[in-house]
Amino acid sequence: SVPADASNPDSVVVSVLNISATLGSQAVLPCKSYRMVWTQDRLNDRQRVVHWDVYSNYYGDNKMERLCDMYSAGDQRVYSSYNQGRISMPQNAFTDGNFSLVIKDVAESDEGTYSCNLHHHYCHLYETVKIQLAITKKAEDASQYWDGEKPVIVALEGSTVMLPCVNRNHIWTERHSEEEQQVVHWDRQPPGVPHDRADRLIDLYASGERRSYGPLFIRQKMNITDTAFALGDFSLRISELESADEGTYSCHLHHHYCGLHERRIYQVFVTEPVREKKVVNLTTHNIAPAIACFPFPLPSDPNVVRGHNVINVIIPESRVHFFQQLGYILATLLLFIVLLIIVVLVTRKRRQRGYEYNVKKYGEKDVNLKEFTVDTTDLTQYRSEDIRLDYKNNILKEKAEQARSFPAKNIDLDK
């Protein structure tokens, strides 16, 4: 791998973007700059031009007037016939960097604010220098000074004045082979890797030369269009995204001729694809219809076979459904109460029948003591013995207890 842009550490970061794309899709990292658009100079380097304008209110109209202009090829044009031969710029202006305007035989009508405008259409550079010109009829009043915003020249009427405009920057004075000084390259930093250890992906020159780095599969999935310098679009397209493609990507734009050094940073995140969801519109009685939402158009051809889709049916609950559930609860509670009442009644009835049976059984015989004659002689030998008998009722048991406790006597009740 080739290390990242170590030769241009002063690149200006102009943007930082976070880009999130789904797994398996194509991601586009936008990198555009119209200052990098290259067009071949078929007009003999007419991409650099200087023109002089004047803003004057001498005639009371306060208008801006174009005086003259000149292209880097050396062609000079004066707009007004009155100024033909009066005003001029050096012919070697784009070689020497001196774009000063010379005015001969100045008059009061020449008073105003002059502007020297330098345009580099190729590099999209625009510079302006303003100068105030005043005319005096006294030689001792002629002077030059700075008013805080621009230079002011007070010239003697009828003299020759030179309005200075000098810029010797190489882009105004030299003709380089621009296509060899424009380059765009992309770098990639895996997570945790610093910028100076980033891997170079692509180098693209305005001349059409292209250099790709890294394994073959990376060169096939990451690319820039061939019309990048014609459109100013140097976006990187990454096809069939994978989790390993996450990281920090950098787009470096270098125009050595125009002095352009920019860097754009992109944080790329790969996410899992979201499954499509469908909500089917179902209409039932007394139920509000569900809302149908299809994220894709339904096929009109019934023969078209679609893949499996997950269908979520959303049916909102209505008031009838609530009362229906409440009825189920009340019916269950009522049935439970009825069963409880039946159990209580049956239990009480059984208890009453058992009580009546005992009363009847015990009331069938009325014991008359007169009918019993107890022979005490027969029982005396068993007084001390524990006689165990099975008694059918409590009355007989009580009688037997009394018989054992006291000796039997023949009592004549008639006496």
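An account of the accompanying structure is given in this report.

Cut-offs used in this document
Residues numbered from 1 in each chain as written. Predicted model: local features only at pLDDT ≥ 70, side-chain atom pairs only at ≥ 80, totals over all residues. Heavy atoms only, no water. Helix = DSSP H or I, 4+ residues; strand = E, 2+ residues; numbered from the N terminus. Polar contact = N/O pair within 3.5 Å; in protein donor to acceptor, adjacent residues only side chain to side chain. Contact = heavy atoms within 4.5 Å. Pairing = 2+ DSSP bridges. Axes fitted to C-alpha atoms, helices over the stretch in contact; angles between N-to-C directions. Disulfide = S-S within 2.5 Å. Buried < 20%, exposed > 50% of the residue type's maximum accessible area, 1.4 Å probe, protein only.

1. Details of the side chain of Asp203
Now for step 1: By secondary structure assignment, the location of Asp203 is in strand E14 (residues 199-205).
Now for step 2: Engagement of the side chain of Asp203 in a polar contact is seen with the side chain of Tyr213, the distance being 2.8 Å.
Now for step 3: Once residues lying within four places of it in the same chain are set aside, the contact partners of Asp203 are Val184, His185, Glu209, Arg210, Arg211 and Tyr213.

2. Digging into the sheet that holds strand E11 (residues 151-156)
Now for step 1: Across the sheet, which stays open at both edges, the seven strands sit in the order E5-E4-E3-E8-E9-E11-E10 with mixed pairing between neighbours. Bordering the open sheet on either side are strand E5 (76-78) and strand E10 (143-146), each of which pairs with just one other strand. Taking the axes of each pair of neighbouring strands and ignoring which way they run, one obtains an average angle of 20° across the sheet.
Now for step 2: With eight bridges joining them, strand E3 (residues 48-56) and strand E8 (residues 112-120) adopt antiparallel strand pairing. Bridge assignment links Val49 to a residue of E8, and that residue is His119.

3. Notes on the state of the cysteines
Now for step 1: The final tally for this structure, using the stated rule, is two disulfides.
Now for step 2: Disulfide pairing places Cys31 opposite Cys251 at an S-S distance of 2.1 Å. Disulfide Cys31-Cys251: the torsion about the S-S bond is -70°, which places it as left-handed. With Cys31 in the loop between strand E2 (27-29) and E3 and Cys251 in strand E18 (residues 247-255), the pair connects residues that are 220 residues apart, well separated along the chain. Summarising the burial analysis for this pair, Cys31 and Cys251 share the class buried.
Now for step 3: Cysteine Cys68 shares no disulfide, and the gap to the nearest cysteine sulfur, in Cys116, comes to 9.1 Å.

4. With respect to the sheet that holds strand E19 (residues 260-271)
Within a sheet, adjacent strands bond to each other through the backbone by hydrogen bonds, running parallel or antiparallel.
Now for step 1: With mixed pairing, the six strands of this open sheet are ordered in space as E1-E19-E18-E13-E14-E15. Each end of this open sheet is capped by a strand with a single partner; those strands are strand E1 (12-22) and strand E15 (210-212). Direction aside, the axes of adjacent strands within the sheet are offset by 15° on average.
Now for step 2: Relative to E15, E14 runs antiparallel, the two sharing three bridges. Considered in E15, the bridge of Asp203 is made with Arg211.

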